[in-house]
Amino acid sequence: MTTSIALLGIGLMGLPMARRLLDAGHGLTVWNRDRAKAAVLAAEGATVADTPADAVRSATHVITMLSDGAVVDAVLFGSGVAEALSQGATVIDMSSIRPSQARDHATRLTKQDVGHLDAPVSGGTTAAETGTLAIMAGGDQAVFDNASSIFKPLGRATRVGPSGSGQLAKLANQAIVGIAIGAVAEATLLVSEGGGDLDAFRAALSGGFADSTILQLHGQRMQTGDFAPRGRASVQLKDLDNILLEAEELGIRLPMVEAVRERFARLAGPLEGADLDHSALYLELLDLNDRTGR
């Protein structure tokens, strides 16, 4: 089957994902609110559309990689995209939004014979560049199977259940990520303040129960002060807020998420770190301990 893909949202994640799809030989049309961000892909073989509706008109598969649920809703249903979609097309929303929003989008699109998968990702820009994203998908099995060739150049896709399940899995993922960043920040400060060698510390833990990508990758960023955004603190805060909204609807408390959410809110707000990498939570910890001048 010949696929024609439209990718809506060419940001930190969308750009390397677009390049992976082009390298795999897929026909690709791209759109971004800031056209200049999408225009760089024209020289690499992509067609650049002026509007999202124009981008999807002949697409068999539409990928959205947008900032939040409100933006996804506005692009799909407020900009002419839904009306421009062909019957039998599939929308793959790889943004991180609330499960209830994903279920609503699926219901509305199914009524016009358009498939829908909520398929958020984990792994950040590094995994997007190397095609090793963890993709958590919710939706019908047949629709998921049909999208296998789309997922293949992007990473490892797993269907975790019906519509909304992918977003629920992503919220759980982001709970682990946020809490782990907080733990790694505290461990890094503890070792640093005690005079330990941080490179040797991470090497010593490699392969043990406490080892993780966050320890090795984000721990190094904390050590070197490299907080250029790969996953923005503002996005992490948005995800933590969504986790707590979902928990409230389920009637449960998540105290560790609540605690780390307050720290990310402090980083993104008073400390003006919203556009820094989420590993910059270390800066919030340094400020909390009055170590910023050391």
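Residues numbered from 1 in each chain as written. Predicted model: local features only at pLDDT ≥ 70, side-chain atom pairs only at ≥ 80, totals over all residues. Heavy atoms only, no water.

### Remarks on unusual backbone geometry
In this structure, Asp113 takes a positive phi of about 60 degrees despite not being glycine. Along the polypeptide, Asp113 turns up in the loop between helix 6 (99–110) and strand 6 (115–118). Positioned with a positive phi, Asp290 is a non-glycine residue whose angle comes to about 55 degrees. On the secondary structure map, Asp290 appears in the segment after helix 15 (281–288). For Asp290, a relative accessible area of 61% puts it in the exposed group. (Helix = DSSP H or I, 4+ residues; strand = E, 2+ residues; numbered from the N terminus. Buried < 20%, exposed > 50% of the residue type's maximum accessible area, 1.4 Å probe, protein only.)

### Concerning the pairing of strand 6
Every second residue of strand 6 is oriented toward a common face, with Gly115 and Leu117 on one face and His116 and Asp118 on the other, all of them buried. Crossover strand 5 (residues 90–93) to strand 6 through helix 6 is right-handed. (Right-handed = clockwise from strand over helix to strand, strands pointing away.)

### Regarding the nonpolar core
Core analysis: the biggest nonpolar cluster contains 32 residues, and Leu28, Val30, Ile92, Met94 and Phe151 have the highest contact counts within it. Here this core takes four residues from helix 1 (residues 14–23), the largest share from any one element. Here Phe151 is in contact with Ile92, Met94, Leu117, Ala119, Ile135, Phe144 and Ala157, once residues within four sequence places are set aside. Core analysis: the second largest hydrophobic core is formed by 29 residues, Ala175, Val184, Met222 and Ala233 among them. (Core = buried A, V, L, I, M, F, W, Y, C linked by side-chain atoms within 4.5 Å. Contact = heavy atoms within 4.5 Å.)

### Here we look at the packing of aromatic side chains
In this structure the tally under the stated criterion is one aromatic pair. Centre to centre, the rings of Phe144 and Phe151 are 5.8 Å apart; their planes meet at 35 degrees, and the pair counts as tilted. Residue Phe144 shares its accessibility class with Phe151, and that shared class is buried. Lying across the ring of Phe77, Arg108 places its NZ or CZ 3.7 Å from the centre. (Phe/Tyr/Trp six-rings, centres within 6.5 Å; stacked < 30°, edge-to-face > 60°. Lys NZ or Arg CZ within 6 Å of the ring centre and 35° of its normal.)

### What about the layout of surface pockets?
Approximately 1400 Å³ is the volume attributed to the largest pocket. If you list the elements that add at least two residues to the lining of the largest pocket, you get helix 4 (69–78), strand 7 (121–122), helix 7 (124–130), helix 10 (165–193), helix 12 (213–224) and helix 13 (233–250). The residue inventory of the lining of the largest pocket, partitioned by class, reads 15 nonpolar, 21 polar and ten charged. (1 Å grid on protein atoms, 1.4 Å probe; cavity = no way out; pocket = protein on both sides within 12 Å on 5 of 7 lines; lining within 4 Å. Points joined across faces, edges and corners; volume = space filled by probe spheres on them. Nonpolar A, V, L, I, M, F, W, Y, C, P; charged D, E, K, R; others polar.)

### Details of the pattern of salt bridges
Across all of its chains, the model carries 20 salt bridges by this definition. Asp239 is the partner of Lys238 in a salt bridge, and the nearest nitrogen-oxygen pair spans 3.1 Å. The class for Lys238 is buried, based on a relative accessible area of 16%. For Asp239, a relative accessible area of 2% gives the class buried. A salt bridge links Asp287 to Arg266; the shortest N-O distance between them is 2.4 Å. In this pair, Asp287 is assigned in helix 15 and Arg266 in helix 14 (residues 255–268), connecting sequence segments 21 residues apart. Residue Asp287 is classed as partly exposed on the basis of its relative accessible area, which comes to 29%. The class of Arg266 is partly exposed, set by a relative accessible area of 27%. Each of Glu186, Arg263, Arg266, Glu284 and Asp287 takes part in salt bridges that share partners, so that together they form one network. (Salt bridge = Lys/Arg side-chain N within 4 Å of Asp/Glu carboxyl O.)

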